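Report on the structure
Listed here are the chains, written in short residue letters.
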Amino acid sequence: MAESNGLGFHLDRTQVTKAVKALFAYLKSVSASKAKLLEEQQVISLIITLWKIPPNEQSIKIHLPHTIHTGSTEVCLFTRDEPDMSAEKTEAFYKKLLADKNIRYVSEVISYKTLKKEYKPFEAKRRLLSNFDLFLADARIYRLLPTQIGKHFYKSKKVPISVNLKPAFLENEINKVMKTTVLTVTNKGCCCNVKVAHSRMTIEQVVENICVVVGVIAAKLYKKATNIKIIHLKSSSSIALPVYTSPLHHLDDLDSEILKQRKERKEADKAKKTAETLAKKDEELIPELLPLDTSKGKSEWTSENKQQETPCGPAKKSPRSDPKIKEKTPLAKKARLTSNSALNSPKTPRWAEVVTSLKETKNPKTPKREAKPKTESGKPKRGAPAGTNVTTSAKKAPKTPKRKVQELVVPQTC
């Protein structure tokens, strides 16, 4: 019996049941040979191989009809810090809330404050990762977790699942998450792995889970069902058993679709570039609009002046040649103002007169002192009062006579 999901993807249910029966038979034989009990749980997963590697990473949540977690599954819950409560009181508050709602899956509650303080070292984060199988996180602090838990949670594919911890939705949210599996598709390879069941489930439950998982993946995967190449079923200790093999025409369909998308992208880019160039040309061709002058002078000029006739037709007379409009130009107004100011302003003094007036104001002349009477030696007389004329008996030295220059008589030659 083949199951179709409306996307051209057909999964043979009989082939799936055969693979599940063969897997359970192998697990029984291994447990009998090694004297181990079948009750030891082993995870059953699907390995999906793709034709084309997706360009971006993708995370697909799938809701299962039967939960893949048992009572032995260790679940850790990260909660927010409640106001006016310490870390211990916050953890006790949420443990009591889970007990009241009869939720037994969660084995440990860690507040955000405790996560920041106690699990800051690298070794503590690795220990926390290895101690639990599943991590849940309050939706109110989910965006803050990547910086606190580290990259190893993402590498081991144990990323916390967001949960609404409000009391009205708590029970439904936890039960829904416990029946959810996550497929992480990376852009680094063509294979991905998703958990679908465990060894304690019945064959029918495993088959139902596999059919639901494959249908959701075919609908939400990059390039849909045509990108699925092979699907294998595998446990943690068994070989991979084929469940689905894609026909070869899916690869041709993918190549043709990719080429078509590339052509459409190129045409869209070309149309965008042409539109941009046309818009630029339109902007360049649009002339600058100048405001119309509705003054009387312009109307008079247009009415009074006539166009001159030329051999090629009537010549347009420029408004600058009109004397009436020339008077109204800003240059003419400026010249008129300067001429009026020159007529009205007083004469400026000459430069020499200005300099002398400034010198007189800066350095006024001081009155001369009267000379004191002097003795024969030239020193002032002590007893003589100031202002009296004292005659000196010293004779003046005679002046030296000037030398007479003798005129030389030059004999004249014939």
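The following paragraphs examine the structure supplied in this document.

Another aspect to go through is the packing of aromatic side chains. Per the counting criterion, the structure on display carries 4 aromatic pairs. Ring centres of phenylalanine 132 and phenylalanine 135 lie 5.8 Å apart, and the angle between their planes is 65°; on these two criteria the pair is classed as edge-to-face. Phenylalanine 135 matches phenylalanine 132 in its accessibility class, with the two residues each being buried. Aromatic side chains phenylalanine 135 and phenylalanine 153 sit 5.0 Å apart centroid to centroid with 65° between the ring planes, which places their arrangement in the edge-to-face category. In this pair, phenylalanine 135 is assigned in strand β7 (residues 134-138) and phenylalanine 153 in helix α6 (residues 152-155), connecting sequence segments 18 residues apart. Three or more aromatic residues joined by ring pairs make a cluster, and in this case those are Phe78, Phe132, Phe135 and Phe153.

Quick look at the sheet that holds β7 now. What links the strands of a sheet is backbone hydrogen bonding, and the strands pair in either a parallel or an antiparallel sense. With parallel pairing, the 4 strands of this open sheet are ordered in space as β6-β5-β7-β8. Where the open sheet ends on each side, the last strands, each with one partner, are β6 (106-111) and β8 (161-163). Looking at each pair of strands side by side, their axes are set apart by 30° on average, direction ignored. Sheet topology note: the strand β5 (residues 75-79)/β7 ladder contains 4 bridges and is parallel. Bridged to phenylalanine 78 within β7 is alanine 137.

With respect to the helices and strands, the residue aspartate 12 is situated in strand β2 (residues 10-12). The class for aspartate 12 is partly exposed, based on a relative accessible area of 31%. Sequence-wise, aspartate 12 and valine 243 are 231 residues apart; in three dimensions their C-alpha atoms are separated by 8.0 Å. Here the side chain of aspartate 12 touches threonine 14 through a polar contact of 2.7 Å, side chain to side chain.

Before going further, it helps to examine the side chain of threonine 181. Tracing the backbone shows threonine 181 in strand β9 (residues 180-185). With residues up to four places along the chain from it excluded, the contact list for threonine 181 reads Ile60, Lys61, Ile62, Leu64, Ile68, Val194, Lys195 and Val213.

This part covers the sheet that holds strand β11 (residues 228-235). Strand order across the open sheet formed by 4 strands is β10-β3-β11-β12, with antiparallel pairing between neighbours. Both outer strands of the open sheet, β10 (191-198) and β12 (241-245), are each paired with one neighbouring strand and no more. Each strand of the sheet is rotated relative to its neighbour by a mean of 25°, with strand direction disregarded. In the sheet, strand β3 (residues 43-50) pairs with β11 via 7 bridges, with the strands oriented antiparallel.

Rules of the game
- Residues numbered from 1 in each chain as written.
- Predicted model: local features only at pLDDT ≥ 70, side-chain atom pairs only at ≥ 80, totals over all residues.
- Heavy atoms only, no water.
- Phe/Tyr/Trp six-rings, centres within 6.5 Å; stacked < 30°, edge-to-face > 60°.
- Buried < 20%, exposed > 50% of the residue type's maximum accessible area, 1.4 Å probe, protein only.
- Helix = DSSP H or I, 4+ residues; strand = E, 2+ residues; numbered from the N terminus.
- Pairing = 2+ DSSP bridges.
- Axes fitted to C-alpha atoms, helices over the stretch in contact; angles between N-to-C directions.
- Polar contact = N/O pair within 3.5 Å; in protein donor to acceptor, adjacent residues only side chain to side chain.
- Contact = heavy atoms within 4.5 Å.

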